[in-house]
Amino acid sequence: MNSAPDIPSPALPAPADHSPPPPAPPRVRDLSAAELGRVGEDLAARRLAQLGWTVLERNLRLTRGELDIIALDGTTLVFAEVKTRRTFVTGAPQAAVDHRKLARLRRLAGEYLISASIPHRDVRIDVIAIHAHVDGTFALEHLQAVI
């Protein structure tokens with residue numbers, strides 16, 4: 001029996017996409033301080049999730065302030081303070097977390113622990129420092145157990 005050789009069928013042209021391209025992300029220098037902070041917190045939360053952490057809360061308002069990220073690193077409950085900066089003119093982002101800020105974070109963590117019943121073995125406070133470069137890239141430094 002003779003079989004005909006396989007002849008590939010002609011490819012159909014892809015339909016024309018007339019939708020507008022997605023908007024370009026805003027340039028770092030065009031973001032307000034609040035917008036830059038949100039971008040930094042989003043980046044930090046994604047990084048923690050990539051590390052296998054469970055992000056429990058973000059931007060949690062309590063009676064005396066706000067906790068940026070609350071996450072579980074295995075059995076350790078972590079309160080992460082995120083600082084994002086465009087420039088080092090006022091210092092590195094992590095330098096903004098001074099002894100007064102750390103004391104406030106301890107009080108906020110205590111307030112959270114009283115009201116929440118998250119199973120954990122240890123508690124720690126981390127600082128995630130993010131430098132937003134002009135070209136739209138970001139450098140992230142994660143400082144664990146700052147106190």
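Here the structure is shown first, and the text comes after it.
A short tour of the structure in this document, coming up. (Residues numbered from 1 in each chain as written. Predicted model: local features only at pLDDT ≥ 70, side-chain atom pairs only at ≥ 80, totals over all residues. Heavy atoms only, no water.)

**Digging into the layout of surface pockets**
Step number 1: Within this model, the largest pocket holds a volume of roughly 210 Å³.
Step number 2: Along the walls of the largest pocket sit 13 residues, with A33, G37, K83, T84 and R85 positioned nearest its centre.
Step number 3: When residues of the lining of the largest pocket are traced back to their parent elements, those giving at least two are α1 (33-50) and β3 (76-85).
Step number 4: Here the lining of the largest pocket is composed, by residue class, of 4 nonpolar, 3 polar and 6 charged. (1 Å grid on protein atoms, 1.4 Å probe; cavity = no way out; pocket = protein on both sides within 12 Å on 5 of 7 lines; lining within 4 Å. Points joined across faces, edges and corners; volume = space filled by probe spheres on them. Helix = DSSP H or I, 4+ residues; strand = E, 2+ residues; numbered from the N terminus. Nonpolar A, V, L, I, M, F, W, Y, C, P; charged D, E, K, R; others polar.)

**Points about the environment of L140**
Step number 1: Residue position: L140 is located in strand β5 (residues 138-143).
Step number 2: Here the alpha-carbon distance between L140 and G40, two residues 100 residues apart in the chain, equals 9.0 Å.
Step number 3: Setting aside residues no more than four positions away along its own chain, L140 makes contact with L43, A44, R47, I128, A129 and I130. (Contact = heavy atoms within 4.5 Å.)

**Quick look at the sheet that holds strand β2 (residues 65-73)**
Step number 1: Overall, mixed pairing links the 5 strands, which are arranged β1-β2-β3-β4-β5 in an open sheet. The outermost strands of the open sheet, each flanked by one partner alone, are β1 (54-62) and β5. On average, each strand axis in the sheet is tilted by 25 degrees relative to the strand beside it, whichever way the strands run.
Step number 2: Where β1 and β2 come together, 7 bridges link them in antiparallel fashion. Counted as the bridge partner of R61 is E66 from β2.
Step number 3: Of the strands in this sheet, β1, β2, β3 and β4 (122-132) touch helix α2 (residues 99-115), which is tilted by about 65 degrees from β2. (Pairing = 2+ DSSP bridges. Axes fitted to C-alpha atoms, helices over the stretch in contact; angles between N-to-C directions.)

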